[in-house]
Every structure is written in C-alpha cells, then in structure tokens.
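# Coordinate analysis (summary)
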Amino acid sequence: MRTVVLFVIASAVSQLLGGAAHRDTEKGNAKYEAKDWKAAREAYDAAAQAAPNAPELPYNLGNVAFREDDVAQAAELYEKALRQAGSSLLPRAAHNLGNALFRQERYEDAVRAYRRALQVEPKDLESKRNLELAQRALQVQKQKQEQQQQKQEQQQPPRQDQEQQPQQGGESKDKPEPKPSQGSEPKPGDDEKPDPRPQPKPRPGDMSPSQAEQLLDRLAEIERQNQRKKKDKGREVVVGSGTPEKDW
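What you see is a predicted model, and the numbers here were worked out from it, not measured in a lab.

Reading the values: the criteria
Residues numbered from 1 in each chain as written. Predicted model: local features only at pLDDT ≥ 70, side-chain atom pairs only at ≥ 80, totals over all residues. Heavy atoms only, no water. pLDDT = per-residue confidence, 0-100. Helix = DSSP H or I, 4+ residues; strand = E, 2+ residues; numbered from the N terminus. Contact = heavy atoms within 4.5 Å. Expected span 1.5 Å × (residues − 1). Buried < 20%, exposed > 50% of the residue type's maximum accessible area, 1.4 Å probe, protein only. Phe/Tyr/Trp six-rings, centres within 6.5 Å; stacked < 30°, edge-to-face > 60°. Lys NZ or Arg CZ within 6 Å of the ring centre and 35° of its normal.

So, on to the confidence of the model for the chain. Here the chain averages 75 in pLDDT, while 58% of its residues score no lower than 70. Per-element confidence in the chain ranges from a low mean pLDDT of 42 for helix α1 (residues 2–17) to a high of 97 for helix α5 (residues 71–82). In this model, residues 1–12 is a region of pLDDT below 50 whose contacts with residues beyond four sequence positions or in other chains number 14 contacts. Long-range and interchain partners of residues 233–244, a stretch whose pLDDT sits below 50, account for 42 contacts in this model, where long-range means more than four residues apart.

A few words now on helix α6 (residues 90–103). Between its terminal C-alpha atoms α6 stretches 20 Å, which fits the 20 Å expected from 14 residues at 1.5 Å a residue. In terms of residue burial, α6 counts as a mostly covered element, since twelve of its 14 residues are buried. Regarding α6, the residues found buried are Leu 90, Pro 91, Ala 93, Ala 94, His 95, Asn 96, Leu 97, Gly 98, Asn 99, Ala 100, Leu 101 and Phe 102. Once α6 finishes, Glu 105 follows within two positions and takes phi at roughly 65°, a positive value.

Each aromatic ring pair is summarised here by two numbers: the centre-to-centre distance and the angle between the ring planes. In total, this model carries three aromatic pairs according to the counting rule given. Note on Tyr 32 and Trp 37: the rings are 5.2 Å apart at their centroids and 65° apart in plane angle, and the pair reads as edge-to-face. For the pair shown, Tyr 32 and Trp 37 are each scored as buried. Between the aromatic rings of Phe 102 and Tyr 107, the centroid separation amounts to 5.2 Å while the plane-to-plane angle is 65°, which identifies the pairing as edge-to-face. Considered together, Phe 102 and Tyr 107 belong to a single accessibility category, that of buried residues. For the cation-ring pair, Arg 103 lies above Phe 66, with the distance from its terminal atom to the ring centre recorded as 5.5 Å.

Let us look at helix α4 (residues 56–67). Along its twelve residues, α4 runs 17 Å from first to last C-alpha, staying within 8% of the 16 Å computed at 1.5 Å per residue. Of all twelve residues in α4, twelve are buried; the element is thus mostly enclosed. Every buried residue of α4 is accounted for by Glu 56, Leu 57, Pro 58, Tyr 59, Asn 60, Leu 61, Gly 62, Asn 63, Val 64, Ala 65, Phe 66 and Arg 67. Asp 69 lies just past α4 and shows a positive phi near 65°.

Turning our attention to unusual backbone geometry. Located in the positive-phi region is Lys 35, a residue other than glycine, with phi close to 65°. Within the fold, Lys 35 resides in the loop between α2 (19–33) and α3 (37–50). The backbone phi angle of Glu 105 is positive, close to 65°, even though this residue is not glycine.

Written out as structure tokens, the structure reads:
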C-alpha cells in the first residue's frame, strides 16, 4: 500500500517539479523504503535544490530526520512544508509535526498540530489518539510546574514589609523580646507560625500527583515499546500511533 502511495505522489511531483527533481525524488523514495536514511536525505536534498518551493520535499526530509531521531530538525522541516502545503499534504505534515513536538515534550504545540490535522481529516483515528495523549501529558506538565512554583514560593524568606508594627502604648518594635525564665524551656514548635499564604485548591478535573506519575509511567512505557519495535522490525512507531510517520 505504501509503495502505491509513493508511486502516485512521485507521478504528481514529476508534473510539478520537472525531470531532475522527479528523478531525485523517486531515488529518495526508493532509498527511504530501503531504510537507507543517509542516501534518501541526499536524494531529497538534490531534488529540493532543483525545486526549492515544493512543500513535498521538506516534508520528505522531515520524515528522514524523524527516522534518524533528530526530532528538532524534523519539526522545522514539517513546519516549512506546512507553510505551502495543499489540502492533501497538510494533514500528514501536521500529524507528523505533532509527533515531533511530542517527542520534544512540547505538548501544547503538539496539541495545536494534531488539531490542525483533524481540521482537514476529522476522522483520522491516529491524530485523535495522539491528541488525547498530548492533552493528558500537557496537564501533567502544567501540574508539575505549578507544584514546583508553589515549592519555590514556600522556600522564599519573609518580606521586610511583613514585619510586626509597634504595639500601642509606644512600645518599639526594636524592643528585645523577653527571654524565658530559668526552668522553663520553650516547647518544640512554639516559634513556628502557620503559613499565612492561602493554599491553592485543586481544580475540578486535575489529576492527583499519583495519577500524574502513573500517566508519565504509561507514556514512558509506550516509548520503550516503540523503541523495542524499532529494533525488532527496523522501524519506529510514534508515541500514540499505530503506524510509522505518514509517508508522502
């Protein structure tokens, strides 16, 4: 099935790009199918030099970069393809962009990418599933950031303007505090004061820390399974996806 897709698209590219770009694209497709990523990249680069404005070529290069685990470069190439992509290429480029962003833990950007893919292909089950995973991962990420911020605020020293004001009767705040009389030891906790700052209340729908950890463990296990499949079958499966990245 994938061979048919590559053949049909290669024919379309030949009409739009001309002979040299078409030949290099076909060569790149053949090397890509053979999992020779280096040779595929070289062929796609040559085609891109002959047709620099064709969005299919940065998309193909993005697929190669993703296969080589250079997800940052893959994201840049998918974004470049999206700027000029037509209706047939756009959902594939947006889906693959979401996968690359997810791998970088840029969950909020990944959510936007998957939604963009679903705007064109609303019945795409892979994009729907990946969108759900990205939304859950984003929720966990935000909760951890909030917890870290709360912890930092609690560790900050009290502000100077929170010092006690002079008591009535003319007593100065600089007056030394009376020392406990002999035979009277201060009890543990006497000097501790409750934190006057209001504690945040959990919002409806928020996950508990244990639930958040379970979700992250699940995502990590999916990633480990994908890596094992990559070694066993010679290809990687994207987190949350039942198939490799969508080829052009």
